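A closer look at the structure
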Amino acid sequence: MNGRVIGRVVALATAVAAPLGLGLATAPAASAAAVTTLYYSSSGAPDYLAQIDQGAANWNTAVTDVKLVKRNTSATIVFHEIHSGGSYTNTNGHGRGQIYLDTSQVAEGFDPTRIAAHELGHNLGLPDHYSGPCTELMSGHGPGTACKNAKPSAAEAAKVQSLWVNGLVARAAETRAVAY
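Here the residue numbers are simple positions, counted from 1 along each chain's written sequence. Local features in a predicted model are, by the rule used here, given only for residues with pLDDT of at least 70; side-chain atom pairs are given and counted only at 80 or more, and totals for whole chains, interfaces and linings are based on all residues. Excluded from the side-chain calculation are hydrogens and water; included are all heavy atoms of the structure.

**Quick look at the nonpolar core**
- Residues grouped as a nonpolar core are buried Ala, Val, Leu, Ile, Met, Phe, Trp, Tyr and Cys residues, joined through side-chain atoms within 4.5 Å. To sort residues, take the accessible area from a 1.4 Å probe on protein chains only and compare it with the maximum for the residue type: under 20% means buried, over 50% means exposed, and anything in between is partly exposed. Among the nonpolar cores identified, the biggest contains 26 residues, and I52, W59, L68, F79, L120, L124 and V160 are the most heavily contacted of them.
- Secondary structure elements follow DSSP: runs of H or I no shorter than four residues count as helices, runs of E no shorter than two count as strands, and numbering proceeds from the N terminus. Secondary-structure elements contributing two or more residues to this core are strand 1 (36-44), helix 2 (49-62), strand 2 (66-70), strand 3 (77-82), strand 5 (97-102), helix 4 (112-123) and helix 5 (154-164).
- With 4 residues, the top contributor of residues to this core is helix 4.
- In what follows, a contact means two residues having at least one pair of non-hydrogen atoms within 4.5 Å. Contacts of W59, omitting those with residues within four sequence positions, involve L68, A117, L120, G121, L124, L126, L137, P152, E156, A157 and V160.

**Some details on the pattern of salt bridges**
- Criterion for a salt bridge: a side-chain nitrogen of Lys or Arg within 4 Å of a carboxyl oxygen of Asp or Glu. A complete count under the given rule lists 1 salt bridge for this structure.
- Taking the shortest distance from any N to any O, the salt bridge between K70 and D53 comes out at 3.1 Å. One end of the pair, K70, is in strand 2; the other, D53, is in helix 2, with 17 residues separating them in the sequence.
- Here D53 falls in the partly exposed class, since its relative accessible area comes to 26%.

**Remarks on unusual backbone geometry**
- Despite not being glycine, S74 has its phi angle at roughly 60°, a positive value.
- Along the polypeptide, S74 turns up in the loop between strand 2 and strand 3.
- Residue S74 is classed as exposed on the basis of its relative accessible area of 60%.

**Some points on the side chain of R114**
- Examined against the element boundaries, R114 turns out to sit in helix 4.
- Asp and Glu are treated as the negative residues and Lys and Arg as the positive ones, with His and the ends of the chain left uncounted. D111 provides the closest opposite charge to the buried, unpaired R114, separated from it by 6.9 Å.
- Between N or O atoms, a polar contact is any pair within 3.5 Å; within protein, one atom must be a potential hydrogen donor and the other a potential acceptor, and residues adjacent in sequence are included only when both atoms are from side chains. Among the polar contacts listed, one links the side chain of R114 to the backbone oxygen of E136, at a separation of 3.3 Å.

**A short note on helix 4**
- Expected helix span is given by 1.5 Å per residue-to-residue step, counting one fewer step than there are residues. For helix 4, which comprises 12 residues, the first-to-last C-alpha distance of 17 Å matches the rise-based estimate of 16 Å (1.5 Å per residue) to within 8%.
- Summarising burial for helix 4: 12 of the 12 residues are buried, a large majority.
- Of all the positions in helix 4, only P112, T113, R114, I115, A116, A117, H118, E119, L120, G121, H122 and N123 are classed as buried.
- The distance from a side-chain oxygen at the start of helix 4 to the backbone nitrogen of T113 is 3.3 Å, and the residue carrying that oxygen is D111.
- Two residues or fewer past helix 4, G125 is found with a positive phi of approximately 110°.

**A closer look at the confidence of the model for the protein chain**
- Of the residues in the protein chain, 74% reach a pLDDT of 70 or more, and the chain-wide mean stands at 83.
- Confidence of the predictor in every single residue is expressed as pLDDT, which spans 0 to 100. The model gives residues 1-31 a pLDDT under 50, and that stretch makes 6 contacts with residues more than four places away or in other chains.
- In the predicted structure, residues 170-175 sits below a pLDDT of 50 and forms 9 contacts with residues beyond four places in sequence or in another chain.

**Digging into the pairing of strand 1**
- A pair of strands is treated as paired once DSSP finds two or more bridges between them. In this sheet, strand 2 lies alongside strand 1 in parallel orientation, the contact comprising 5 bridges. Residue L38 lies in a different strand from strand 2, and its bridge partner there is L68.
- For crossovers, right-handed means that the path from the first strand over the helix to the second runs clockwise, given strands pointing away from the viewer. Tracing the backbone out of strand 1, into helix 2 and back to the parallel element strand 2 gives a crossover that is right-handed.
- Sheet topology places strand 1 next to strand 3; 3 bridges connect them, and they run parallel. Its bridge partner lying in strand 3, Y40 is registered against I77.

The structure is reproduced here in structure tokens:
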């Protein structure tokens, strides 16, 4: 078929489909980015429910390509309360993980909302940066107990955006433990 015949076929199909209420499948000019929803459960850390929810809310405010939603069943990110050893997460860095929030660190003066948001950052794909300033959430315990910032920096949010722009991408079955 030459170009004129193809053009006539498309025009004819459009002329027939429109009055019948039929749509032709066409690629959109620009597709909106899909939001990936990740579910977290805080029921295993009952003393820090509000702080965990605030940490998730801080990420939801900072990024648009991934959203953290609380759900007690079928969650892929699960919080647990422990009483020694330091806060940490076992995660593949892509939306799955077990987060352990250490009550003894909170007793030492570390902010539980910052700990929760920091560990969620690992589940969103970010590494530790202990030498960073308090304005960097992923600096974790590096800035000391005086640091109460529980919000990701613009650079941290941008990195998460870049990791999640195409939704959940399967990674090798890697799991790593990362400490606060």
